[in-house]
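If you want the building blocks of each chain, they are given just below.
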Amino acid sequence: MVSIASTFKALCLSFLFIAVASRPTIRPKVFNVRRYGSRPDGKTDNANAFTSVWKRACTRISGSSKIYVPKGTFYLGGVEFVGPCKNPIEFVIDGTLLAPANPRDIKQDTWINFRYINNLSISGSGTLDGQGKYSWPLNDCHKNTNCPKLAMTMGFAFVNNSRIKDITSLNSKMGHFNFFSVHRFNITGVTITAPGDSPNTDGIKMGSCSNIHISNTNIGTGDDCIAILSGTTNLDISNIKCGPGHGISVGSLGKNKDEKDVKHLTVRDTVFNGTSDGIRIKTWESSASKIVVSNFIYENIQMIDVGKPINIDQKYCPHPPCEHEKKGESHVQIQDIKLKNIYGTSNNIVAVNLQCSKSFPCKNVELIDINLKHTGLEKGHSTAMCENVDGSVRSKMVPQHCLD
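Residues numbered from 1 in each chain as written. Predicted model: local features only at pLDDT ≥ 70, side-chain atom pairs only at ≥ 80, totals over all residues. Heavy atoms only, no water.

As annotated in an unreviewed UniProt entry, the chain carries the name Glycoside hydrolase family 28 protein and is attributed to Arabidopsis thaliana. Recorded under Subcellular location (unreviewed entry), the UniProt text for the chain is reproduced unchanged: "Secreted, Cell wall". (UniProt positions renumbered as here; feature names shortened; annotations may be inferred.)

Below is the structure:
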């Protein structure tokens, strides 16, 4: 016989299941920007309306909030969205956010800036249009000390446990996405586009960040597809299509004092197409900082007509003559770098360039299954160049390795 106790227990569990199943789902409160005064006419500055909506959503106590930008073109001057917020916020962009064409109309370093926020989600089918073509001719700072300061498209500072998904960034004035002191952040399904000759339009730039995941993203710019700067650790990059652009770059590093180590980077299942560089680490000669770059893994990477597929450059000087040039060797220590299954074609004869510091030679560089063929106009097979590097080779190696 079934005991009374067991029957009572079964009934209690049944009632509990019914109560949980029938509990209504708590949905976020939706703030449609059009209902709060925004106009999608491509002319009216909606910065104040967007800021007002953000304050309402950010300070809402009972439950999460969703800010919704519907289809249409919303002109937007420089705007900042600042936390901390009471609860998680979704920012769904299905329309186009249009930046001022005149760069002087943005009075801040970043056009759209998020600061001091946890649990932020940005998504949608929309576009951030930076209207950069009006600013690119003004970008001559390497030779003109009075050049105008151009704004990046979207920035995140002190933003944690957050993500950005699916949106498109088009024709930024400077870089597209900038991250500083951001931790536990996912970037996926994003499209980043600017012409190959647009200056300093880095796709994703980050410094002092940790636990960032970038995946399934297409980046074509006039500068680095992804730039990894001082103090960034635990970065995972996968399934990226990069080109045009300058590849995925670590650095430049070592120019400034008080820089921090860059550690634990993984780049895998990625394609570089027509870029000037593929895998790139760049440090200044005569560095001001003694830091370590270590524990990098590059795996399953295809190069299609890439200028310098594998390039470690510890004598970096973008616009010669450089202030630090020929004043000593880089003090940035590069070590524990694994490159595995890197294949494809190189525009230059030198497909593998490992130019390390004499004072701090590269240590433990592993080359495993490298197959890079030369397809450029110069005659000859691809070659490798090594300077001040200690490492090892396993399995296939094309070009012939130059390690001792």
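Having seen the structure, we can now continue with the description.
Here the focus is the side chain of Asp223. By the secondary structure assignment, Asp223 is in the loop between strand E16 (210–220) and strand E17 (226–228). Buried Asp223, no salt bridge; nearest opposite-charge side chain is Lys282, N-O distance 5.2 Å. Setting aside residues up to four positions removed in sequence, Asp223 forms contacts with Ser198, Asn200, Thr201, Asp202, Gly245 and His246. (Helix = DSSP H or I, 4+ residues; strand = E, 2+ residues; numbered from the N terminus. Buried < 20%, exposed > 50% of the residue type's maximum accessible area, 1.4 Å probe, protein only. Lys, Arg positive; Asp, Glu negative; His and termini not counted. Salt bridge = Lys/Arg side-chain N within 4 Å of Asp/Glu carboxyl O. Contact = heavy atoms within 4.5 Å.)

Now for the state of the cysteines. Counting across every chain of the model gives four disulfides. Bridging Cys58 to Cys85, the disulfide has an S-S length of 2.1 Å. Linking Cys58 and Cys85, the disulfide has an S-S dihedral of approximately -105° and is accordingly described as left-handed. With a gap of 27 residues between them, Cys58 in helix H2 (residues 47–59) and Cys85 in the loop between strand E4 (79–82) and strand E5 (89–93) connect regions that are remote in the sequence. With relative accessibility at 18%, the residue Cys85 sits in the buried group. No disulfide involves Cys209; its sulfur sits 18 Å from the nearest other cysteine sulfur, which is in Cys225. (Disulfide = S-S within 2.5 Å.)

Applying the stated rule across the entire model yields 13 salt bridges. For Arg280, the salt bridge identified is with Asp224, shortest N-O distance 3.8 Å. Residue Arg280 is found in strand E21 (residues 277–284), and its partner Asp224 is found in the loop between E16 and E17; the two are separated by 56 residues along the sequence. Both residues of the pair, Arg280 and Asp224, count as buried.

Here the focus is the layout of surface pockets. Reported here for the largest pocket is a volume of approximately 1,500 Å³. As for the largest pocket, its lining consists of 45 residues, and the residues nearest its centre are Met174, Asn200, Lys205, Asp223 and Tyr316. Contributions of two or more residues to the lining of the largest pocket are made by strand E12 (177–180), strand E15 (204–207), strand E19 (248–253) and E21. In terms of residue class, the lining of the largest pocket is built from 17 nonpolar, 17 polar and 11 charged. (1 Å grid on protein atoms, 1.4 Å probe; cavity = no way out; pocket = protein on both sides within 12 Å on 5 of 7 lines; lining within 4 Å. Points joined across faces, edges and corners; volume = space filled by probe spheres on them. Nonpolar A, V, L, I, M, F, W, Y, C, P; charged D, E, K, R; others polar.)

Attention now goes to the UniProt feature "active site" (unreviewed entry) in the chain. Within the UniProt annotation, "active site" (unreviewed entry) is assigned to His246. Mapped onto the elements of the fold, His246 is located in the loop between strand E18 (233–242) and E19. The class of His246 is partly exposed, set by a relative accessible area of 25%. For His246, the side chain forms a polar contact with the main-chain oxygen of Gly222, separated by 3.5 Å. (Polar contact = N/O pair within 3.5 Å; in protein donor to acceptor, adjacent residues only side chain to side chain.)

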